[in-house]
Amino acid sequence: MKIDTNELGIKNLIKTDKKPSNSKGSSLKKSESADYDSVSFSDDLKKAEEKVVDVLNYPEKRSEKIEQIKEMIKSGKYNVDVHKLTDKIIDDLIYGKFYR
Amino acid sequence: MRNELAKKTIPSLLSLLSQEYQFYKELEQLLIEERDCIVNMQNEELTNINFKKESLLLNILEIKNEREEILNQISNYLNIKKDDISISFLLKTFPEYEKDFAEFKIKFKKIGQKIKSLNDINKHILNSSLNFIKSSLNIFYQNSNRAVYTNFGKVRVNKSYMAKSSFSSKI
């Protein structure tokens, strides 16, 4: 399933260019460049958005993530709450709908 | 399409269930070893077992992910919700594999009960051990602060110790 980023409003978070509504009674003359409000965020945020969209659109990246986590565990750089995870897996095995 | 499911997809699913069951057997063995380590206070071995458990649990999660993909295919074909697919459902829908699914249903139920029982015992004895260590440390801490002997053989009573009573310490 493709995720429409416009629906999520992620694109809108990155850059907003809009014309201001014409306010009646405003007698100030504006220069052409002042006709637009412009908000732009840093490149880091854009990169973060790309990552989020990637993960949402491509579930196969989850297996890459699992491989990364496995490597981190082997090197001792990743901490998992083994007891909580064991509890969850056992609960699923006993109460999970699939095993009925 | 049904033939393709019955010939390829269902055997793949059965193979995954077999692997998953083997992982649960390994988990059962690790929990038995963990219990022995807690009882015999073999801390290094306990750490090793935790590493093995982490790796095993991730393998189980991976198998579950693969299973979900197969269940997606089955749900698309049968036009039902994926969450409605259970071993009992598959057993009825694919009678040619009835025996295999029936076996897995019993196996998973049994191993689930065994693992849960072992895990509960381990949690209980681990908590008891931790409480024992905490209370021992508390007693040691109280006694070690009772008095200090100076160079000249005089006893200097530790005032901070006097402020505490044995009832105020957490056991």
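Keep in mind the model is a prediction, meaning the values are calculated, not measured. (Residues numbered from 1 in each chain as written. Chains lettered and ligands numbered in written order. Predicted model: local features only at pLDDT ≥ 70, side-chain atom pairs only at ≥ 80, totals over all residues.)

What about the overall build of chain A?
- The helix and strand tally for chain A stands at five helices and two strands.
- Of the regular secondary structure in chain A, the N- to C-terminal order runs α-α-β-β-α-α-α.
- Sorting the 100 residues of chain A into buried and exposed places 5% on the buried side. (Helix = DSSP H or I, 4+ residues; strand = E, 2+ residues; numbered from the N terminus. Buried ≥ 20, exposed ≤ 12 C-beta atoms within 10 Å, placed from the backbone.)

Details of the packing of helix α1 (residues 2-40) of chain B against helix α2 (residues 43-78) of chain B
All names here are of chain B.
- With their axes 9 Å apart at the nearest point, α1 and α2 run at an angle of 160 degrees to one another. Judged on the interaxial angle alone, α2 and α1 are roughly antiparallel. Considering only the axes of α1 and α2, their crossing is left-handed.
- For the contact of α1 with α2, the class distribution of residues is 16 nonpolar, five polar and nine charged. (Axes fitted to C-alpha atoms, helices over the stretch in contact; angles between N-to-C directions. Parallel < 35°, antiparallel > 145°, perpendicular 65-115°, else oblique. Left-handed = near helix turned anticlockwise from the far one by under 90°. Nonpolar A, V, L, I, M, F, W, Y, C, P; charged D, E, K, R; others polar.)

Remarks on the interface of chain A and chain B
- The partner chain B presents 19 residues to the 17 residues of chain A that form the contact.
- Secondary structure elements with two or more residues in the side of chain A that touches chain B: α4 (61-74) and α5 (82-95) of chain A.
- Considering every element that reaches the side of chain A that touches chain B, the biggest residue donor is α5 of chain A, with seven residues.
- Here the side of chain A that touches chain B is composed, by residue class, of 12 nonpolar, one polar and four charged. (Contact = placed C-beta atoms within 7 Å.)

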